[in-house]
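So you can see what is in the structure, the chains are spelled out below.
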Amino acid sequence: MARSEKRVLVGLLLFCGMGWGLTIPMGKIAVSEGYRHVGIIFWQFTLGAVVLALVNWRMGRGVPLNRRALGFYLVIALIGTLLPNVASYTAAVHLPAGIIALLIAMVPMISFPIALAVGNDRFSLARLLGLGLGMLAIVLIAAPDSSLPDPAMLLWLPVGLIAPTFYAIEGNFVASRQPGDLDAVQVLLGASLIGAPIALIAALATGEWISPLPPWGAPDLAIVVSAALHALVYAGYVWLVGRGGAVFAAQVSYLVTGFAVVWSRLLLGERYSLWVWAAFALLFAGLFLVQPRPKQPLDVTGAHGEHDP
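Computed from a predicted model, the values in this text were never measured in an experiment.

The rules behind the values
Residues numbered from 1 in each chain as written. Predicted model: local features only at pLDDT ≥ 70, side-chain atom pairs only at ≥ 80, totals over all residues. Heavy atoms only, no water. Helix = DSSP H or I, 4+ residues; strand = E, 2+ residues; numbered from the N terminus. Rg over C-alpha atoms; globule rule 2.2 N^0.38 Å. Buried < 20%, exposed > 50% of the residue type's maximum accessible area, 1.4 Å probe, protein only. Contact = heavy atoms within 4.5 Å. Areas by Shrake-Rupley, 256 points an atom, 1.4 Å probe, with all protein chains shown as cover. Lys, Arg positive; Asp, Glu negative; His and termini not counted. Charge placed at Lys NZ, Arg CZ, Asp CG, Glu CD. 1 Å grid on protein atoms, 1.4 Å probe; cavity = no way out; pocket = protein on both sides within 12 Å on 5 of 7 lines; lining within 4 Å. Points joined across faces, edges and corners; volume = space filled by probe spheres on them. Nonpolar A, V, L, I, M, F, W, Y, C, P; charged D, E, K, R; others polar. Patch = residues over 30% accessible without salt bridge, like charges linked within 9 Å, V, L, I, M, F, W, Y side chains within 5 Å. Salt bridge = Lys/Arg side-chain N within 4 Å of Asp/Glu carboxyl O. Phe/Tyr/Trp six-rings, centres within 6.5 Å; stacked < 30°, edge-to-face > 60°. Expected span 1.5 Å × (residues − 1). Axes fitted to C-alpha atoms, helices over the stretch in contact; angles between N-to-C directions. Parallel < 35°, antiparallel > 145°, perpendicular 65-115°, else oblique. Left-handed = near helix turned anticlockwise from the far one by under 90°.

Examining the overall build of the protein
What the protein contains, in helices and strands, is 13 helices and zero strands. Along the chain direction, N to C, the helices and strands of the protein fall in the order α-α-α-α-α-α-α-α-α-α-α-α-α. Relative to the globule expectation of 19 Å for 309 residues, the C-alpha radius of gyration of the protein, 18 Å, shows essentially globular dimensions. When each of the 309 residues of the protein is scored for burial, the buried share is 53%. Counted over contacts in the protein with a minimum sequence separation of 6, partners at least 24 positions apart contribute 87%. Put simply, the protein shows about 13,600 Å² of open surface, and 71% of that area lies on carbon and sulfur atoms. Charged side chains in the protein number 17 positive and 14 negative. The centres of these two groups are separated by 13 Å.

Shown next, in the form of structure tokens:
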């Protein structure tokens with residue numbers, strides 16, 4: 001591989017980490033003034049679909065609409081965005097964005113036991129140890145009284161773990177059920193096109209509809225930035241997997257978590273206790289142990305930023 005191409009790959013990896021990391025504090029800002037759940041998710045689906053449609057068009061691909069593809073899009077829309085993001089935005093109201101980032105980074109650790117249960121993976125002592133380190137990271141956040149800014153936040157940690165659990169389930173579903181004629185961009189585009197009307201109906205029914213008309217504030221900007229970033233970064237990540245390989249692309253997990261903490265400190269002024277920093281250290285060690293093996297394909301449909309890579 002030429003040195004110039006390596007620079008491009010490393011640069012794109014950094015862009016993916018910075019972009020997905022930024023979506024996490026953007027989610028915190030989006031719920032800061034009363035916007036909730038499905039209203040945000042509708043615009044995430046809609047704006048994401050516009051960007052992904054342009055990317056898909058540039059790639060010269062259509063969007064298959066056969067019965068099997070439509071069923072697959074529906075499942076991905078539900079377990080990959082709608083349901084986990086309802087939980088994630090609920091948790092974002094009560095938890096610091098840095099803590100949300102740590103919880104979202106648990107996806108590969110939660111995915112491992114699910115993969116074993118459904119036969120998508122083989123037992124590995126190293127990856128089991130990685131899972132254990134991830135669980136210990138959660139304990140370091142939950143156990144000490146001084147770990148969180150407010151002890152009442154402890155009650156919301158389980159809610160914060162709902163989204164990564166859904167993403168882990170989605171990853172295993174994709175690994176065993178994704179139709180061979182669909183690439184990752186097509187899947188996410190199809191899921192966005194199906195998910196948008198579902199979220200619209202839910203937003204109108206629950207009174208969570210967000211008007212696109214001015215005046216616009218920081219939450220509106222955060223929704224637009226988050227949706228556009230997710231779509232662009234996702235498309236870049238798909239290209240990165242194809243050119244750099246699954247194992248190289250998987251390193252984005254570290255960057256997303258690290259950049260999410262940096263962005264949260266810069267944009268939200270968040271500060272964390274020594275217990276939380278220790279939890280981050282354990283999490284990074286656990287991520288290292290659960291990364292995919294060189295010959296193991298990496299699921300890219302399960303990478304969501306504000307859903308997690």
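Additional details are given in the paragraphs that follow.
Some thoughts on the layout of surface pockets
Taken as a whole, the second largest pocket encloses approximately 170 Å³ of empty space. Lining the second largest pocket are Trp-43, Leu-47, Ile-210, Ser-211, Pro-212, Trp-216, Asp-220, Leu-221, Ile-223 and Val-224. Of all the secondary-structure elements, those providing two or more residues to the lining of the second largest pocket are α2 (37-58) and α10 (218-244). Sort the elements by how many residues they give to the lining of the second largest pocket and α10 lands first, with four residues. Looking at the lining of the second largest pocket, its residues break down into eight nonpolar, one polar and one charged.

Side note on empty space enclosed by the protein
Empty space among the atoms can be located by rolling a probe the size of a water molecule over them. For the structure shown, the criterion picks out two cavities of 30 Å³ or more. Lining the largest cavity are 10 residues; nearest its centre among them are Gln-44, Thr-81, Leu-188, Ser-192 and His-230. Counting residues per element, the lining of the largest cavity draws most heavily on α2, at four residues. Residue composition of the lining of the largest cavity, by class: four nonpolar, six polar and no charged. Each pocket or cavity is described by its volume, and for the second largest cavity that value is around 50 Å³. As for the second largest cavity, its lining consists of Met-26, Gly-27, Ala-30, Ile-40, Gln-44, Tyr-89, Ala-222, Ile-223, Ser-226 and Ala-227. Only α1 (3-30), α2 and α10 provide two or more residues apiece to the lining of the second largest cavity.

Overview of a nonpolar patch on the surface
On the surface, Leu-116, Phe-123, Leu-125 and Leu-128 cluster together to form a nonpolar patch covering roughly 390 Å² of accessible area. Note that Leu-128 resides in helix α6 (residues 125-142).

Quick word on the pattern of salt bridges
Enumeration over the complete set of coordinates arrives at three salt bridges. Where Asp-121 meets Arg-127, a salt bridge forms, and the shortest distance between an N and an O atom there is 2.2 Å. The buried category is assigned to Asp-121, whose relative accessible area is 13%. Among the residues examined, Arg-127 registers a relative accessible area of 8% and is labelled buried.

A word on the packing of aromatic side chains
Summed over the entire model, instances satisfying the criterion amount to 10 aromatic pairs. Ring geometry for Trp-20 and Tyr-237: centres 5.2 Å apart, planes at 65°, overall edge-to-face. Within this pair, whereas Trp-20 is found in helix α1, its partner Tyr-237 is found in helix α10, the two being separated by 217 residues in sequence. Each member of the pair Trp-20 and Tyr-237 is classed as buried.

Observations concerning unusual backbone geometry
Of note, the amide linkage connecting Pro-214 to Pro-215 takes the cis form, showing an omega dihedral of 10°. Of note in the backbone geometry, His-37 takes a positive phi value of approximately 35° without being a glycine. As for its position among the elements, His-37 is in helix α2. Accessibility expressed as a relative area gives 18% for His-37, which makes it buried.

Brief notes about helix α12 (residues 252-268)
With 17 residues, α12 extends 23 Å from end C-alpha to end C-alpha; this agrees with the ideal 24 Å at 1.5 Å per step. Of the residues making up α12, those classed as buried are Val-252, Ser-253, Tyr-254, Val-256, Thr-257, Ala-260, Val-261 and Ser-264. In the core, the buried residues of α12 are packed alongside α1, α4 (97-104), α10, α11 (246-250) and α13 (274-290). At the C-terminal side of α12, Gly-269 shows a positive phi close to 70°.

Comments concerning the packing of α2 against helix α3 (residues 67-94)
Close contact between α2 and α3 brings their axes to 9 Å; oriented N to C, the two are set at 135°. Accordingly, the angle class assigned to the pair α2 and α3 is oblique. When you trace α2 past α3, the crossing you get is right-handed. On α3, the residues that touch His-37, Val-38, Ile-40, Ile-41, Gln-44 and Phe-45 of α2 are Ala-77, Thr-81, Leu-82, Asn-85, Val-86, Tyr-89 and Thr-90. Considering only residue class, the contact of α2 with α3 consists of eight nonpolar, five polar and no charged.

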